[in-house]
Amino acid sequence: MRALLRDKILQVCYKKIEQKGDNVGVSFYAFFANKNDNSALLMEAATWWIETHQLDHFEKAKKIIELVKKEELSCK
């Protein structure tokens, strides 16, 4: 996963948790505007979400943060 996408996912998840609490759920669509202005990045997020991790449409933001951070550590 590119750093741009990883940073965006973390930023959105932390913001959602701050706004709605620890139990908030997110979809990979939460990381993008309502218009498709970066289809390659959207497909990267969808592939990571659906194929790599086989996640449901909505998952807890805390779970997504853990997955992203774990993956980041394993790449270093």
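Quick caveat: nothing in here was measured; it's all calculated off a predicted structure.

Asker: Outline the overall build of the chain, listing residues and values.
Answerer: Scanning the chain from terminus to terminus reveals three helices and two strands. Its helices and strands in sequence order give the chain the pattern α-β-α-β-α, from N to C terminus. Here the chain has a C-alpha radius of gyration of 12 Å; the compact-globule value for 76 residues is 11 Å, and the two agree. Counting only residues that meet the buried cut, the chain has 34% of its 76 residues in that class. When contacts within the chain are restricted to residue pairs at least 6 apart in sequence, long-range pairs at least 24 apart make up 54% of them. Accessible area of the chain: about 5,200 Å², with a carbon and sulfur share of 50%. Taking the average location of the 13 positive side-chain charges in the chain and that of its 11 negative ones, the two points are 4 Å from each other.

Asker: Can you lay out the packing of helix H1 (residues 3-20) against helix H3 (residues 61-75) for me, pointing to particular residues and giving the numbers?
Answerer: Each pair of packed helices can be summarised by the angle the axes make with each other and by the distance between the axes. Between H1 and H3, the least distance of the axes is 9 Å, while the angle of their chain directions is 150°. Taken as axis vectors, H1 and H3 run roughly antiparallel relative to one another. As for how H1 packs across H3, the hand of that crossing is left-handed. Contacts between H1 and H3 involve Arg6, Ile9, Leu10, Cys13, Tyr14 and Ile17 from the first element and Ala61, Lys62, Ile64, Ile65, Val68, Lys69 and Glu72 from the second. For the contact of H1 with H3, the class distribution of residues is nine nonpolar, no polar and four charged.

Cut-off values and rules
- Residues numbered from 1 in each chain as written.
- Predicted model: local features only at pLDDT ≥ 70, side-chain atom pairs only at ≥ 80, totals over all residues.
- Heavy atoms only, no water.
- Helix = DSSP H or I, 4+ residues; strand = E, 2+ residues; numbered from the N terminus.
- Rg over C-alpha atoms; globule rule 2.2 N^0.38 Å.
- Buried < 20%, exposed > 50% of the residue type's maximum accessible area, 1.4 Å probe, protein only.
- Contact = heavy atoms within 4.5 Å.
- Areas by Shrake-Rupley, 256 points an atom, 1.4 Å probe, with all protein chains shown as cover.
- Lys, Arg positive; Asp, Glu negative; His and termini not counted.
- Charge placed at Lys NZ, Arg CZ, Asp CG, Glu CD.
- Axes fitted to C-alpha atoms, helices over the stretch in contact; angles between N-to-C directions.
- Parallel < 35°, antiparallel > 145°, perpendicular 65-115°, else oblique.
- Left-handed = near helix turned anticlockwise from the far one by under 90°.
- Nonpolar A, V, L, I, M, F, W, Y, C, P; charged D, E, K, R; others polar.

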